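Geometric and topological summary
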Amino acid sequence: MSITLTKNAALQVQDQLDKRGKGLGLRLGVRESGCSGYAYVIDFADELEEQDSVFEQHGVKVVIHQESLDYLDGLELDFAKEGINSAFKFNNPNVVDACGCGESFTVESE
């Protein structure tokens, strides 16, 4: 299992953690949502749970609960600025389709 965090994403996460003043890192997950099936969930990780996996790159930890790990395995998290917009970008090899609005995605059935 692997999760990759680009340097731009790591800098953004660290900046947000510094502004917040606390936190172990970034918590990533998925939930059922939208017209395509799943949506990404992003939050701060303040503590570790028993079924969490921790990935660290560029000095930043990414925490993923076991329930979401199969959906996120191989994911590269990037952060990009395009004009006046800036956002995290999820490059997920498990995604086989996404809705037109980009809010939800479908993964290959097992």
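To keep things clear, this report deals only with the structure shown in the data block. (Residues numbered from 1 in each chain as written. Predicted model: local features only at pLDDT ≥ 70, side-chain atom pairs only at ≥ 80, totals over all residues. Heavy atoms only, no water.)

**Some thoughts on the pairing of strand E5 (residues 60–65)**
To keep things clear, this is the line we draw: Burial classes: relative accessible area under 20% of the type maximum marks a residue as buried, over 50% as exposed, and values in between as partly exposed (1.4 Å probe, protein chains only). The secondary structure listing takes helices from DSSP runs of H or I that are at least 4 residues long and strands from runs of E that are at least 2 residues long, numbered from the N terminus. At least two DSSP bridges between two strands are needed for those strands to be called paired.
Most of E5 sits inside the fold, with five of its six residues counted as buried. Two strands pair when backbone bridges link them, and strand E2 (residues 25–33) and E5 are joined in this way by three bridges, in the parallel orientation. By the bridge assignment for E5, Leu28 is matched with Ile64. Where strand E4 (residues 52–57) and E5 come together, six bridges link them in antiparallel fashion. Its bridge partner being in E5, Ser53 is matched across the sheet by Ile64. In textbook terms, the turn of a hairpin is the stretch between consecutive antiparallel strands, and for E4 and E5 this stretch comprises two residues, one of which, His58, has a positive phi near 55°.

**Brief notes about unusual backbone geometry**
Its identity as a non-glycine residue notwithstanding, His58 has a phi of 55°, on the positive side. On the secondary structure map, His58 appears in the loop between E4 and E5. By relative accessible area, His58 is classed as exposed at 53%.

**Topic: the pattern of salt bridges**
Between side chains of opposite charge, pairing is possible as soon as their charged atoms come close. Put simply, the rule is: What counts as a salt bridge is simple: a side-chain nitrogen of Lys or Arg found within 4 Å of a carboxyl oxygen of Asp or Glu.
In the structure shown here, the tally under the stated rule is five salt bridges. The closest approach of N and O atoms between Lys19 and Asp15, which form a salt bridge, is 3.4 Å. Highlighted residues: Lys19 and Asp15, both in helix H1 (residues 7–20), separated by four residues, approximately one helical turn. For Asp15, a relative accessible area of 32% translates into the label partly exposed. One salt bridge connects Arg20 with Asp46, and the closest N-O pair in it is separated by 2.6 Å.

**Focus on the nonpolar core**
Where we set the bar: Among the buried residues, those of types Ala, Val, Leu, Ile, Met, Phe, Trp, Tyr and Cys that are joined through side-chain atoms within 4.5 Å form a nonpolar core. In this description, contact between two residues means that some pair of their heavy atoms is separated by no more than 4.5 Å.
Membership of the largest hydrophobic core comes to 21 residues, with the highest contact counts inside it found for Ile3, Leu5, Leu28, Ile64, Leu72 and Leu77. Those elements that provide at least two residues to this core are H1, E2, E5, helix H2 (66–72), strand E6 (76–82) and strand E9 (105–107). Looking at this core, the element that brings in the most residues is H1, giving four residues. Ignoring sequence-local partners within four residues, the contact set of Leu28 consists of Val41, Ile42, Val62, Val63, Ile64, His65, Leu72, Leu75, Leu77 and Phe90.

**Some details on the environment of Gln14**
Looking at the secondary structure, you find Gln14 in helix H1. Classification of Gln14 as partly exposed rests on a relative accessible area of 30%. Separated by eleven residues in sequence, Gln14 and Gly25 place their C-alpha atoms 7.9 Å apart. When neighbours within four sequence positions are excluded, Gln14 is seen to be in contact with Gly59 and Val60.

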